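Architecture and fold: a report
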Amino acid sequence: MHFKHPEILYFLFLLIVPILVHLFQLRRFKKEYFTNVRFLKALSIQTRKSSKIKKWLLLACRLLLLSSIIIAFSQPFFDSKDSKNATNELYIILDNSFSMQAKGKKGELLKRAVQELLEETPENVNFSLLTNSENYWNTDIKSVRSSLQNLKYSAAPFQLENIMVKIKAHKSAFKKDIVIITDAVKLDNKPLKNSDTTDSLQFIIQKAEQKNNASIDSVFINKTLDDFYEIGVQLSGYGEDFNPIPISLFNNNKLIAKTIVTLDSKKKSINFTIPKQAFHGYVSIVDNGLSYDNTLFFSISKTKKTNVISIGETEKSNFLSRIYTNEEFNFNNYSLGSLNYNKLEEQNTIVLNELDEIPQALQTTLKSFVEKGGNLIVIPSAESSISNMNSFLMNFGNIKFNSLENKEKLITKINFNHPIFNTVFENKVTNFQYPKTKSSFGLSSSSPAALSYEDRTIFLTSLANSTIAVSIFSAPINTQNSNFQQSPLIVPTFYKMAMNNQNNAISALIIGNNNPHFTGASLNKDDILTVKGSDEQFIPIQQILNNKVKMIFNDYPEQAGNFSIYNKKEWLENISFNYNRTESNLAAANENILSNYKTTESITSFFDTLQTDRTDNQIWKWFVIFALLFLLTEMAIIRFVK
């Protein structure tokens, strides 16, 4: 037993006072003899014995009464079960990712967790609250009540590692109690292994009752006809036994198509045919799972022809004219001697087709062209000067040509995750007619290859800068050196390289993806573009180029939807934003990694346990009760004992 104020125990010396008083009252009486009456003598003896017992009882009660009062004021207590952690700081991590939209036994997981925090968190408890999107340091439940009630789902996925880094950076002299409220969807074990062993980790797992969920993953142009687009809608089904799902297509909030889809496989595509004109709307489904991935917003801009110039010999550029047709491109070919440098800034894509030497003036112009968002495609010549090529490519990144190797090699590997091919193939193709080259340069690059030879050396790569605008081949692709022009790969390869950063396809950007977006506009230095939606508007990070503006959106907008880009009041372009679909698979809840960590059923039980284990057992109240009992006992003795 411990005492909060042990110095008060010195007052126990006051117990000597009632003892002295008692001894004074028990002093011997002087005998005085008077008339001898026998029965009075016997009565006197009996009365003295009774009086002594009463006084001893009163003394005991008074000593115990005084002792109880003194001990009560010294506030005795027993140490709590977990008293060494009583001074720990509390950190609450609340997962507000979209997977928390799932319904548990008592409703949506996030809303139920917020309600329990508001109802069960003691008002005298200080804590720090961290979510995917917000941080509240050293606060209490009264201060964050309004913020919790208005907490929205975050477009950012739940990344426990990032939050743990924030907590670790929040320096403190005390240990930390960290309670994590999550559904454990895609929970990574890495931040748990790296956490400070002195920190106490607890998990409150929010479990979804319904695991089935359907998601709209993407929208793409499947076919381009004379007057129509055939657009494909890619759906994913997570779970089993789906009911037929209605799917609707809206343009400017007007329903233009509707059908029913049966998810009899994990992936399914649905096609719609729409007029070949500007589109600004969305496609939506209705299911019993998560709601955030049931709508995908997208825009199709009015078709603009892409300007492409090829610099090289005409006979070697004929294959490009068959790819860059008049329907979508303004294609021209110039020899190096007839090239008008002033026309280069007007282009979207420039192809250097087997130039033996790149003049310094052209190098300078092309460097400026790429920096301003232009696409550059480099096809080397067998007679190319390696030093000249390397000097030129140093302007764009870490890439280097090595010596020419006169060896026939097959092009056997496609990097399906590379930006050139990531939307080209529906399925990964492994068995196709491999094109070949008779001679090729060695190519050293830190960037991943888009196409590779059988010996895993690079045939085609793109420099990994922010715009991914420079594509380099390692070999000439003329018909004398290669049959790549007869390969089915050549059309999607050159088409995607030329259309990079162009807005002729579907615009359906992902919130939080920092890939730049280019808008065609000629602005003054002081002009600023604004992105406006029905409920939100913001100014993105932007850079004015020659005839376009490069924009980076970071984590904006906060909500998915259809937006428009304005220069003051002048409309420039429609654009659409969507949430990342990383939270759609509810079956990805990774609860197994929590076997080595303490878990709690609910927020209520967490605070109850914390209160029980961390609160010292205060027993001074019992001594107050004892003091009252001894006082009542003393009064009873005085009144009833003769």
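Computed from a predicted model, the values in this text were never measured in an experiment.

Remarks on the nonpolar core
Residues Ile92, Leu94 and Leu148 are the most contacted members of the largest nonpolar core, which totals 45 residues. Ranked by the residues each element gives to this core, the list is headed by helix α3 (residues 109-120), at six residues. Not counting chain neighbours up to four residues away, the residues in contact with Leu94 comprise Leu110, Ala113, Val114, Leu117, Leu129, Leu130, Thr131, Asn132, Leu148, Leu151 and Ile181. Formed by 30 residues, the second largest nonpolar core is a distinct cluster that contains Phe331, Ile411, Ala475 and Ala498.

What to know about the sheet that holds strand β14 (residues 267-275)
What the three strands build is an open sheet, ordered β10-β11-β14; its pairing is antiparallel. Each edge of the sheet is formed by a strand with only one pairing partner; in this case those strands are β10 (213-224) and β14. With strand direction ignored, the average angle separating the axes of adjacent strands in the sheet is 25 degrees. The sheet contact formed by strand β11 (residues 228-238) and β14 spans nine bridges and is antiparallel. In the sheet register, Ile231 faces β14, and the bridge partner there is Phe272.

Things to note about empty space enclosed by the protein
What the rule picks out here adds up to three cavities of 30 Å³ or more. Its volume calculated, the largest cavity comes out at about 50 Å³. What lines the largest cavity is a set of twelve residues, among which Asp183, Val185, Ala208, Lys211 and Leu586 lie closest to the centre. Here the residues of the lining of the largest cavity sort into six nonpolar, two polar and four charged.

A short note on the side chain of Ser99
Tracing the backbone shows Ser99 in the loop between β3 (89-94) and β4 (103-104). Beyond its immediate sequence surroundings of up to four residues, Ser99 is in contact with Leu109, Asp183, Val185, Leu290, Glu583 and Leu586.

Brief notes about the pairing of strand β6 (residues 127-131)
Every regular strand shows the same layout, with side chains that alternate between the two sheet faces. Where burial is concerned, most of β6 is hidden: five out of the five residues are buried. Burial along β6 is two-sided: Phe127, Leu129 and Thr131 facing one way and Ser128 and Leu130 facing the other are all buried. Bridge count for β6 against strand β7 (residues 135-139) is three bridges, and the pairing is antiparallel. Within β7, the residue paired with Phe127 across the bridge is Thr139. Where β6 folds back on β7, the antiparallel hairpin that results is connected by three residues.

Some details on the packing of aromatic side chains
Taken as a whole and assessed by the stated rule, the structure comprises 25 aromatic pairs. Taking 6.4 Å as the distance between ring centres and 55 degrees as the angle between the ring planes, the aromatic pair formed by Tyr292 and Tyr579 counts as tilted. In this pair, Tyr292 is assigned in the loop between β15 (279-285) and β16 (295-300) and Tyr579 in the loop between β36 (570-578) and β37 (598-599), connecting sequence segments 287 residues apart. There is no split in this pair, since Tyr292 and Tyr579 are both buried. Grouping aromatic residues by their ring pairs yields a cluster made of Phe319, Tyr453, Phe459, Phe473, Phe484 and Phe494. A cation sits over an aromatic face here: Lys532 above Tyr566, 5.1 Å from the ring centre.

Quick notes on the rules
Residues numbered from 1 in each chain as written. Predicted model: local features only at pLDDT ≥ 70, side-chain atom pairs only at ≥ 80, totals over all residues. Heavy atoms only, no water. Core = buried A, V, L, I, M, F, W, Y, C linked by side-chain atoms within 4.5 Å. Buried < 20%, exposed > 50% of the residue type's maximum accessible area, 1.4 Å probe, protein only. Helix = DSSP H or I, 4+ residues; strand = E, 2+ residues; numbered from the N terminus. Contact = heavy atoms within 4.5 Å. Pairing = 2+ DSSP bridges. Axes fitted to C-alpha atoms, helices over the stretch in contact; angles between N-to-C directions. 1 Å grid on protein atoms, 1.4 Å probe; cavity = no way out; pocket = protein on both sides within 12 Å on 5 of 7 lines; lining within 4 Å. Points joined across faces, edges and corners; volume = space filled by probe spheres on them. Nonpolar A, V, L, I, M, F, W, Y, C, P; charged D, E, K, R; others polar. Phe/Tyr/Trp six-rings, centres within 6.5 Å; stacked < 30°, edge-to-face > 60°. Lys NZ or Arg CZ within 6 Å of the ring centre and 35° of its normal.

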